[in-house]
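Structural overview
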Amino acid sequence: MQKRMTDTVLKKIIIIIILFVIITATSLFQIKNTARFDMNADCEIGQLCDYKGNIPSISLCSTQSAFLTSNDFSASSAVLYEATTGTKILSKNDNFHLPNASTTKILTALTVLERVDICEEIVIPNEAVGVEGSSIYLKKGEKMTVRDLLTGLMLQSGNDAAEALALHVGKTKAGFAAMMNETARKYGAVSSNFVTPHGLHDPSHYTTAIDLALITSAAMKNEIFAEIVAKRSAVIGFGENKRHIINKNKLLNMLPEAVGVKTGFTKKAGRCLVAAAKKDDTLFIVVVLNCGPMFEECRDFLRFAIDNYSVSCVIRKNQVLGSLKIDGISVPVISHAEFKTLEKRGENRDYRVVLTAEKNEKNGAVGFFEVISGEKVVFRGDLFPVFG
């Protein structure tokens, strides 16, 4: 009886070892641009294990764009930002408090999308009719879906659409403004204060270029938002109130990789633009506030980013990173987290990954790992058993 139990345990251990070898080999073979690890040691609880690896260099490609620096921004305030990794590439006065005109509507749309169903119908109130500035010319009492109002808001920059959405979602403009600020702070935009849903000038209404980049990064993760701002034109409304509207964002016709997002202008704010471009899994966002040649400037900086930067995956989700000894048995461990980094083309950056065995009763982790570049820890995540 005891011999059978011993044989059964040995068989299980052999199966685990075989599966570990297969999974590890497959993981390392399939993934490009990730840290590579030497699987030659086990970590006991409380012991550090150091696995050294590096990301293969990205081949130098001939760039189509001129080399740009922050000094090349003519805007009063600007930032070039990569959304996937949250990396600021270039900036100029990006923390200055400035009015931002209709780029406010990015936050308006995000606030609405997170709170109501886009299929809801809204009966247009009198307060949303005849609002100054850009308009989709709403009529009192007409019905329009939230989705159509959002489309009119983001393509034709309808201030009346902004008012209608704000009153529907927030009941009052002040109530909706509170929701806007709550949404902004949720995504790290803590240096702004929003008072209106459309961005018409108010001395208490302001933002920063980096805050707008953070808000836009969050908005572009919303599939409906991303779909709307990428449209060059659309038909909205019902029956005799149908409207054909054109997107004011000319950059969609100036840069093949452009995917949105919003223009803005008031006399106080000047010409403002938040623009985005996507290549593969890399999303670049550029914000310019008070910028005369806003379309040309955003095009040039986005082209520069596309030609010179790309995202590399250092740690994949569910990637086998090594093994830890748990109760005397070597167990392969994986990361449930993913770590990506923005790399400048042609640069080499080496990473070390350090595994530490340490049980976490709260989440079931058996250890954690740290990704180190130079002497700096750039990422930390928990480790879990492959077969846990």
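Structure's up top.
Model, not experiment: these values are computed from the prediction. (Residues numbered from 1 in each chain as written. Predicted model: local features only at pLDDT ≥ 70, side-chain atom pairs only at ≥ 80, totals over all residues. Heavy atoms only, no water.)

1. A short note on the packing of helix 2 (residues 105-113) against helix 5 (residues 173-186)
Taken N-terminus to C-terminus, the directions of helix 2 and helix 5 make an angle of 95°; their axes are 9 Å apart at the nearest point. Here helix 2 is positioned roughly perpendicular relative to helix 5, judged by the angle of their axes. Two secondary-structure elements touch here, helix 2 through Leu-107, Thr-108, Leu-110, Thr-111 and Val-112 and helix 5 through Phe-176, Met-179, Met-180, Thr-183 and Ala-184. Tallied by class, residues from the contact of helix 2 with helix 5 come to seven nonpolar, three polar and no charged. (Axes fitted to C-alpha atoms, helices over the stretch in contact; angles between N-to-C directions. Helix = DSSP H or I, 4+ residues; strand = E, 2+ residues; numbered from the N terminus. Parallel < 35°, antiparallel > 145°, perpendicular 65-115°, else oblique. Contact = heavy atoms within 4.5 Å. Nonpolar A, V, L, I, M, F, W, Y, C, P; charged D, E, K, R; others polar.)

2. Here's the deal with the sheet that holds strand 4 (residues 87-92)
Ordered by their spatial adjacency, five strands build an open sheet running 4-3-11-10-9, and the pairing between neighbours is antiparallel. Strand pairing shows two members of the sheet lacking a second neighbour, strand 4 and strand 9 (258-266), which therefore form its edges. Shown here is a sheet whose adjacent strand axes are inclined to one another by a mean of 10°, direction ignored. Inspection of the sheet shows strand 9 paired to strand 10 (residues 270-279) by eight bridges, in the antiparallel sense. Each bridged residue has a counterpart across the sheet, and for Val-261 the counterpart in strand 10 is Ala-275. (Pairing = 2+ DSSP bridges.)

3. Some words on helix 2
Counting buried residues along helix 2, nine of its nine residues qualify, which places the element largely inside the surrounding structure. Three or more residues of helix 2 are buried, namely Lys-105, Ile-106, Leu-107, Thr-108, Ala-109, Leu-110, Thr-111, Val-112 and Leu-113. (Buried < 20%, exposed > 50% of the residue type's maximum accessible area, 1.4 Å probe, protein only.)

4. Comments concerning the packing of helix 2 against helix 6 (residues 209-220)
Where helix 2 contacts helix 6, the two axes come as close as 10 Å, and the packing angle between them is 40°. Looking at the two axes, helix 2 sits oblique to helix 6. Where helix 2 crosses over helix 6, the handedness of that crossing is left-handed. Where helix 2 abuts helix 6, its residues Ile-106, Leu-107 and Leu-110 lie against Ile-215, Thr-216, Ala-218 and Ala-219. Considered class by class, the residues forming the contact of helix 2 with helix 6 number six nonpolar, one polar and no charged. (Left-handed = near helix turned anticlockwise from the far one by under 90°.)

5. Concerning the pattern of salt bridges
With the rule as written, the count across this model stands at eleven salt bridges. Where salt bridges share partners, they join Glu-257, Arg-303 and Asp-307 into one cluster. (Salt bridge = Lys/Arg side-chain N within 4 Å of Asp/Glu carboxyl O.)

6. A word on the nonpolar core
With 59 residues, the main nonpolar core has Leu-149, Leu-150, Met-154, Phe-225 and Val-287 as its most contacted residues. When residues of this core are assigned to their parent elements, the largest contribution, eight residues, is made by helix 6. With residues near it in sequence (within four places) discarded, Leu-149 still touches Ile-122, Ile-124, Ile-136, Leu-138, Met-144, Ala-161, Ala-164 and Leu-165. Judged by nonpolar contacts, the second largest core, of 29 residues, contains Leu-68, Leu-80, Leu-252 and Leu-273. (Core = buried A, V, L, I, M, F, W, Y, C linked by side-chain atoms within 4.5 Å.)

7. Quick word on the pairing of strand 8 (residues 243-246)
With burial as the criterion, only one face of strand 8 is covered, namely that bearing Arg-243 and Ile-245; the residues His-244 and Ile-246 on the opposite face remain uncovered. Where strand 7 (residues 233-236) meets strand 8, four bridges bridge the pair, whose relative direction is antiparallel. When the sheet's bridge partners are listed, Ile-236 is paired in strand 8 with Arg-243.

8. Structural notes on unusual backbone geometry
A cis amide bond links Gly-260 with the next residue in sequence, Val-261, at an omega value of 20°. With respect to the helices and strands, Val-261 occurs in strand 9. The backbone of Ala-101 sits at a positive phi, close to 50°, despite the residue not being glycine.

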